[in-house]
Amino acid sequence: MNALISSFILVFASEMGDKSQFMAMAFATFIKARTVLISILIAALLNMGIAVLFGSFITEYIPIKYVKLLAAISFLIFGLMTLKNGHEGHEKIRKSKYGPAFTIISTYFISEFGDKTQLSTLALTATYKSPIFVLLGATAGIFMADVIGIILGVYLGKKLPTKLLHYISAFIFIIFGFITLYEAKTL
């Protein structure tokens, strides 16, 4: 039980103000909150599951630098699409043949792969040797932090003009794109 509580607290605290929380907020401004919630839960469970199951084994075959580079490119593309197409870009995501859920899951998964949360989950698994409790605690922690972001995104979506939300959303994706590019460069 200690592994569950410790994992939840550590991951929740580290996700507050993190890119995944802002990403959840940005997606929630133009995609139904339920879709964002379910998609993020799936992506978080996948990421934390990988941390628990495979740990550092995966990074022997896929250098984290390349994963971060892919995440940075995804962020920049979404940001630039939002700036260029505004509402039309959001509609393309909503109506793409893969749908908004796939877009959210893939973007979130790639951006969180090798992130401090996933690495913390790996360390917690090694420390507590309770992979199920660490998986549940870490997933709940990241999900609850992102729920706060989604609530803020829905609220802002109702209170702010659509054009301003597009600029804010684009700004969030582009900033995290450059931050992630920098992180990839320093690896």
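Residues numbered from 1 in each chain as written. Predicted model: local features only at pLDDT ≥ 70, side-chain atom pairs only at ≥ 80, totals over all residues. Heavy atoms only, no water.

A word on the environment of Glu-183
- Along the chain, Glu-183 turns up in helix H9 (residues 162-185).
- The class of Glu-183 is partly exposed, set by a relative accessible area of 27%.
- Each C-alpha atom of the pair Glu-183 and Lys-68 lies 7.3 Å from the other, and the pair is 115 residues apart in sequence. (Helix = DSSP H or I, 4+ residues; strand = E, 2+ residues; numbered from the N terminus. Buried < 20%, exposed > 50% of the residue type's maximum accessible area, 1.4 Å probe, protein only.)

Quick word on the nonpolar core
- Counting 31 residues, the largest nonpolar core has Phe-27, Val-36, Ile-40, Tyr-108 and Phe-173 as its most contacted members.
- At the level of secondary structure, the elements contributing two or more residues to this core comprise helix H1 (2-15), helix H2 (19-28), helix H3 (33-53), helix H4 (64-85), helix H6 (99-112), helix H8 (131-159) and H9.
- Here the element with the most residues in this core is H8; it accounts for seven residues.
- Here Phe-173 is in contact with Met-23, Ala-26, Phe-27, Phe-75, Leu-76, Phe-78 and Gly-79, once residues within four sequence places are set aside. (Core = buried A, V, L, I, M, F, W, Y, C linked by side-chain atoms within 4.5 Å. Contact = heavy atoms within 4.5 Å.)

Here we look at the packing of H3 against helix H7 (residues 116-128)
- Closest axis-to-axis distance for the H3/H7 pair is 8 Å, and the angle between their directions is 40°. Regarding the angle of H3 to H7, the classification is oblique. For the crossing formed where H3 meets H7, the hand is right-handed. Contacts between H3 and H7 pair Asn-47, Met-48, Ile-50, Ala-51 and Val-52 from the former with Thr-117, Gln-118, Thr-121, Leu-122 and Thr-125 from the latter. (Axes fitted to C-alpha atoms, helices over the stretch in contact; angles between N-to-C directions. Parallel < 35°, antiparallel > 145°, perpendicular 65-115°, else oblique. Left-handed = near helix turned anticlockwise from the far one by under 90°.)

A closer look at H1
- The first and last C-alpha atoms of H1 sit 20 Å apart over 14 residues, in line with the 20 Å expected at 1.5 Å per residue.
- Within the sequence span of H1, burial applies to Ala-3, Ser-6, Ser-7, Val-11, Ser-14 and Glu-15. The buried residues of H1 all sit within an arc of 145° when viewed along its axis, so they share a single face. Those residues of H1 that are exposed and angled more than 90 degrees off the buried face are Asn-2, Ile-9 and Ala-13.
- Downstream of H1 by one or two residues, Gly-17 has phi in the positive range, about 80°. (Expected span 1.5 Å × (residues − 1). Arc of directions from axis to C-beta.)

Notes on empty space enclosed by the protein
- Following the criterion strictly, the structure yields one cavity of 30 Å³ or more and no others.
- Approximately 40 Å³ is the volume attributed to the largest cavity.
- Along its surface, the largest cavity is lined by Met-25, Ala-26, Thr-29, Leu-156, Leu-165, Ile-168, Ser-169 and Ile-172.
- A class-by-class count of the residues in the lining of the largest cavity yields six nonpolar, two polar and no charged. (1 Å grid on protein atoms, 1.4 Å probe; cavity = no way out; pocket = protein on both sides within 12 Å on 5 of 7 lines; lining within 4 Å. Points joined across faces, edges and corners; volume = space filled by probe spheres on them. Nonpolar A, V, L, I, M, F, W, Y, C, P; charged D, E, K, R; others polar.)

Description of the environment of Gly-141
- The residue Gly-141 is located in helix H8 in this model.
- A relative accessible area of 0% places Gly-141 in the buried class.
- For the pair formed by Gly-141 and Ser-6, sequence separation is 135 residues and the distance between their alpha carbons is 9.8 Å.
- Once residues lying within four places of it in the same chain are set aside, the contact partners of Gly-141 are Phe-8, Val-11 and Phe-12.

Focus: the UniProt feature "transmembrane region" (unreviewed entry) in the protein chain
- Taken from the UniProt record, the annotation "transmembrane region" (unreviewed entry) applies to residues 36-59, 66-83, 132-157 and 164-182.
- Helix makes up 100% of residues 164-182 and strand 0%, whereas the separation of the span's terminal C-alpha atoms amounts to 27 Å. (UniProt positions renumbered as here; feature names shortened; annotations may be inferred.)

Concerning the confidence of the model for the protein chain
- Mean pLDDT over the protein chain stands at 82; residues scoring 70 or higher make up 88%.
- Taken element by element, the predicted model of the protein chain shows its lowest mean pLDDT in helix H5 (residues 87-95) (56) and its highest in H3 (92). (pLDDT = per-residue confidence, 0-100.)

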